[in-house]
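Structure assessment
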Amino acid sequence: MPKLKTKRSAAKRFKKTGTGKFMHNRPGHSHILTKKSRKRKRYLKKEVVASDAMKDQIKRMLPYL
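Presented here is a report on the structure given in the accompanying data block.

Calculation rules
- Residues numbered from 1 in each chain as written.
- Predicted model: local features only at pLDDT ≥ 70, side-chain atom pairs only at ≥ 80, totals over all residues.
- Heavy atoms only, no water.
- Pairing = 2+ DSSP bridges.
- Helix = DSSP H or I, 4+ residues; strand = E, 2+ residues; numbered from the N terminus.
- Buried < 20%, exposed > 50% of the residue type's maximum accessible area, 1.4 Å probe, protein only.
- Lys, Arg positive; Asp, Glu negative; His and termini not counted.
- Salt bridge = Lys/Arg side-chain N within 4 Å of Asp/Glu carboxyl O.
- Polar contact = N/O pair within 3.5 Å; in protein donor to acceptor, adjacent residues only side chain to side chain.
- Contact = heavy atoms within 4.5 Å.
- Patch = residues over 30% accessible without salt bridge, like charges linked within 9 Å, V, L, I, M, F, W, Y side chains within 5 Å.
- Areas by Shrake-Rupley, 256 points an atom, 1.4 Å probe, with all protein chains shown as cover.
- Charge placed at Lys NZ, Arg CZ, Asp CG, Glu CD.

Some details on the sheet that holds strand β2 (residues 22–25)
Pairing is antiparallel across the open sheet formed by 3 strands, whose spatial order is β1-β2-β3. Strand pairing shows two members of the sheet lacking a second neighbour, β1 (15–16) and β3 (47–49), which therefore form its edges. Across 2 bridges, the pairing between β1 and β2 is antiparallel. Of the residues in β2, the one forming a bridge with Lys16 is Phe22.

Take a look at the structure:
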């Protein structure tokens, strides 16, 4: 059986919490920020827990987490 490889793009985007959930940044905070309100930009900065539907896909991409 060959070694399992980690999807490097996923490793850069997701972090695992102590309880086993995955955190990721919200999309939309990289460019075209002038038309977004200050409140909206603050909201986009925060990390969020990945949904349960995404959890199995993330686990497959990150076999060692």
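Here's the deal with unusual backbone geometry
Of note in the backbone geometry, Ile32 takes a positive phi value of approximately 55 degrees without being a glycine. The residue Ile32 is located in the loop between β2 and α2 (38–45) in this model. Among the residues examined, Ile32 registers a relative accessible area of 48% and is labelled partly exposed.

Brief notes about the side chain of Lys36
Within the secondary structure layout, Lys36 lies in the loop between β2 and α2. For the buried Lys36, no salt bridge is present, and the opposite-charge side chain at shortest range is Glu47, 17 Å distant. For Lys36, the side chain forms a polar contact with the main-chain oxygen of Gly28, separated by 2.6 Å. If we skip the residues at most four places from it in the chain, Lys36 touches Gly28, His31, Lys41 and Leu44.

Some points on the pattern of salt bridges
Overall, the coordinates contain 1 salt bridge when judged by the stated rule. Across the pair Lys15 and Glu47 runs a salt bridge, and its minimum N-O distance is 3.6 Å. Of this pair, Lys15 sits in strand β1 while Glu47 sits in strand β3, and the two are 32 residues apart along the sequence.

A look at the environment of Lys35
Structurally, Lys35 can be placed in the loop between β2 and α2. On a C-alpha basis, the gap between Lys35 and Phe14 in space is 28 Å, while along the polypeptide they are 21 residues apart.

Focus: a positive patch on the surface
A contiguous patch of positive charge, built from Arg38, Lys39, Arg42, Lys45 and Lys46, is present on the exposed surface. By the secondary structure assignment, Lys46 is in the loop between α2 and β3. Given a relative accessible area of 57%, Lys46 falls into the exposed group.

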